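Structure at a glance
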Amino acid sequence: MVMAAGQGTRMHSDLVKVLHPLGGTPMVGHVLELCRRLGVKRTLVVIGHQAERVRDALAPFANGVEFIIQTEQRGTAHAVLQTEAALQGFQGDLLVINGDVPLMTDALAETLLGTHRKTRAHATVITTKLDDPRGYGRVLRDRRGAFKGIVEEVEATASQRRVKEINAGIYCFSAPRVFAALRQVRPSAVKGEMYLPEALPILVKAGGRVASVLADDPREVLGINTRAELAEAYGILRLRVVNRLMEVGVTCLDPATTHVSALSRVGRDSVLYPQVQIEGYTEIGEGCTVHSGCRIRDSRLGNRVTVLDGCVILESEIADEAAIGPYAHLRPESRIRRKAKVGNFVEIKKSLIGEGSKVPHLTYVGDAIVGERVNIGAGTITCNYDGFAKHQTVIEDEVFIGSNVSLVAPVRIGCGAMVAAGSTITQDVAPDSLAFGRAQQVNKEGRAAVIRRARTKP
Ligand code: UD1
Ligand code: CA
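**Digging into the nonpolar core**
- Core analysis: the biggest nonpolar cluster contains 49 residues, and Ile324 and Ile413 have the highest contact counts within it.
- Looking at this core, the elements with two or more residues in it are α8 (227-247), β16 (276-279), β32 (368-370) and β38 (411-413).
- The element best represented in this core is α8, accounting for three residues.
- Aside from chain neighbours lying at most four places away, what touches Ile324 is Thr306, Val307, Leu308, Cys311, Ile313, Ile318, Leu330, Ile336 and Val342.
- If you look at the next biggest cluster of nonpolar residues, it comprises 35 residues, including Val16, Ile126, Ile170 and Val213.

**Considerations on the coordination of the calcium ion (ligand 2)**
- For the calcium ion (ligand 2), the protein coordination sphere consists of Asp100 (OD) and Asn225 (OD1), at 2.2 to 2.4 Å. With Asp100 in the loop between β6 (93-98) and α4 (106-118) and Asn225 in the loop between β11 (210-214) and α8, this pair connects stretches of sequence that are 125 residues apart.
- The exposure class assigned to Asp100 is buried, which follows from its relative accessible area of 10%.
- Owing to a relative accessible area of 14%, Asn225 belongs among the buried residues under this scheme.

**With respect to helix α6 (residues 175-182)**
- Looking at α6, one finds that the buried residues are Ala175, Val178, Phe179, Ala181 and Leu182. Projected down its long axis, α6 carries its buried residues within an arc of 165°, all on one side.
- Among the structural elements, α3 (76-81), β6, β10 (165-174) and α7 (199-205) are those in contact with the buried residues of α6.

**A short note on the site of ligand 1**
- In the neighbourhood of ligand 1, 24 residues make up the surrounding shell, with Gln70, Gly75, Thr76, Glu152 and Asn167 lying closest.
- With respect to ligand 1, the side chain of Arg10 contributes an N or O atom lying 3.4 Å from an oxygen atom.
- Calculation on ligand 1 without its partners gives an accessible area of 770 Å², and the protein chains cover 91% of this total.
- Mapped onto the shell around ligand 1, the elements with two or more residues apiece are β1 (2-4), α3 and β10.

**Re the sheet that holds strand β26 (residues 335-336)**
- Sheet architecture is open: nine strands sit in the order β14-β17-β20-β23-β26-β29-β32-β35-β38, paired in parallel fashion. Every other strand in the sheet has two partners, leaving β14 (265-266) and β38 as the edge strands with one partner each.

**What to know about the packing of aromatic side chains**
- By the definition in use, this model includes two aromatic pairs.
- Note on Tyr171 and Phe173: the rings are 5.6 Å apart at their centroids and 20° apart in plane angle, and the pair reads as stacked.
- Seen from their ring centres, Tyr327 and Phe345 are 5.4 Å apart, and the 10° between their planes marks the pair as stacked. Placement of the pair is Tyr327 in the loop between β24 (323-324) and β25 (329-330) and Phe345 in the loop between β27 (341-344) and β28 (347-349), with a sequence separation of 18 residues.
- Note on Tyr327: relative accessible area 43%, which makes it partly exposed.
- Across the ring face of Tyr385, the terminal group of Lys390 is positioned such that the distance to the ring centre comes to 5.1 Å.

**Digging into the pattern of salt bridges**
- What the rule picks out here adds up to 23 salt bridges.
- A salt bridge links Arg138 to Glu153, with the shortest nitrogen-to-oxygen separation between them at 3.0 Å. Here the residue Arg138 occupies a position in strand β8 (residues 138-141), and Glu153 occupies one in the loop between β9 (147-151) and α5 (158-161), the gap between them amounting to 15 residues.
- Given the relative accessible area of 2%, Arg138 is considered buried.
- Linking Glu372 and Arg373 is a salt bridge whose minimum nitrogen-to-oxygen distance equals 3.2 Å.
- Using a relative accessible area of 31% as the deciding quantity, one classes Glu372 as partly exposed.
- On the basis of relative accessibility, which here comes to 45%, the residue Arg373 falls in the partly exposed class.
- Overlapping salt bridges bring together Arg297, Asp298 and Glu315 as one network.

Rules behind the numbers
Residues numbered from 1 in each chain as written. Chains lettered and ligands numbered in written order. Predicted model: local features only at pLDDT ≥ 70, side-chain atom pairs only at ≥ 80, totals over all residues. Heavy atoms only, no water. Core = buried A, V, L, I, M, F, W, Y, C linked by side-chain atoms within 4.5 Å. Buried < 20%, exposed > 50% of the residue type's maximum accessible area, 1.4 Å probe, protein only. Helix = DSSP H or I, 4+ residues; strand = E, 2+ residues; numbered from the N terminus. Contact = heavy atoms within 4.5 Å. Donors = N, O, S within 2.8 Å, 3.2 Å for Na, K, Ca; no water. Arc of directions from axis to C-beta. Near = heavy atom within 4 Å. Polar contact = N/O pair within 3.5 Å; in protein donor to acceptor, adjacent residues only side chain to side chain. Areas by Shrake-Rupley, 256 points an atom, 1.4 Å probe, with all protein chains shown as cover. Pairing = 2+ DSSP bridges. Phe/Tyr/Trp six-rings, centres within 6.5 Å; stacked < 30°, edge-to-face > 60°. Lys NZ or Arg CZ within 6 Å of the ring centre and 35° of its normal. Salt bridge = Lys/Arg side-chain N within 4 Å of Asp/Glu carboxyl O.

Have a look at this one:
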């Protein structure tokens, strides 16, 4: 069960804490992904604050997840108690995770479950040692090191606050035992909340064993209460992903400024320049180069694709050996075929650019189908919108479009046709034709000299 009902006051946010994005995924989504990978039988998420919003935001991660409402947030013990009815008759192990501890690895979770079973404990807690334990519950032990209990910081004495071993907020319980113990937890003296860790000494008193697992790397159990901790967690997650990429053969020229979402993939011998941001579910093939200042989201790049500086690429597909940028904007549903080129200051929207075609400069292509080996001159615009609806432009294979052409859609330029520079094209052009759609030029001989003389008279 995942605890996600709190508001997260220390975030100072209108958005409930567990939905704050961490590398593009809601914080608690990371916890649900972990549960999925562990293959747990059932996942219960306790929600309360902004319950509907949490439920909606978690839909992509919540396949088979059961949501349980905690109407009033009376503490973590109270949160676990809300699942009692749903778990009626369940005799197994209950993994309980704070929704704001998103960086735990599968290995640590397996160690927790393994230790719990091996020691036949009634409860097993993950702890870690921090130089600065501020904000966490401190683990109290007797002289021989046996577990005594956990004291929350606000309730701790000065000497207890000096304890460096903290409660990570990740537990495994024997389900029937924990509910019996939780019913005996009393509200705390200071905050009036029912604390889940209070169930631990109750289990010990009842003759049960409480085991613990010390996480060697405290970064795995960072709890996020503040924006600073959110940034810290993102830094940890980011480095994990970047290190994994380098291990599989990706060059990150400046790992400190390379941002790649955990769900994205980059192939070997690809090179990521400084300040690159790859988001969502993006797949980049082998031998690609992505230069500085690019943001690529939910897109697929083939092999040996070059993306020059400053591009934004969203929900698009780019085939092998295509070249994009600098400063190109590929909006959703753009498909760039093999060896095509989309150059400087070009915007593409919901269009296909065929194999070997070139759109090198200052152009807008929207709702268009562009064939193979087409050349589109600088400053060309598909006029796809008439103020009411969008219309399609079709440019067939081997068409040559001169510079500064307006193609007023719907319109079709036939195979092998040419369109003169500066044309406004409102009618279809037949294959192999030459289209002029501009005013006739008139030259008046000697007229410039006459004007100049008139202007410069004393
Ligand atoms: C908790 C632990 C603390 C531990 C720390 C680790 C308690 C009392 N304290 O403190 O020992 O060191 O986590 O990060 O458990 N929640 C609910 N319902 C509630 C209250 C909280 O669902 O009524 C959820 C919150 O949304 C959050 C999680 O439980 O995801 C933890 O709550 P939080 O208030 O952050 O606990 P901490 O003070 O961090
Ligand atoms: Ca917390």
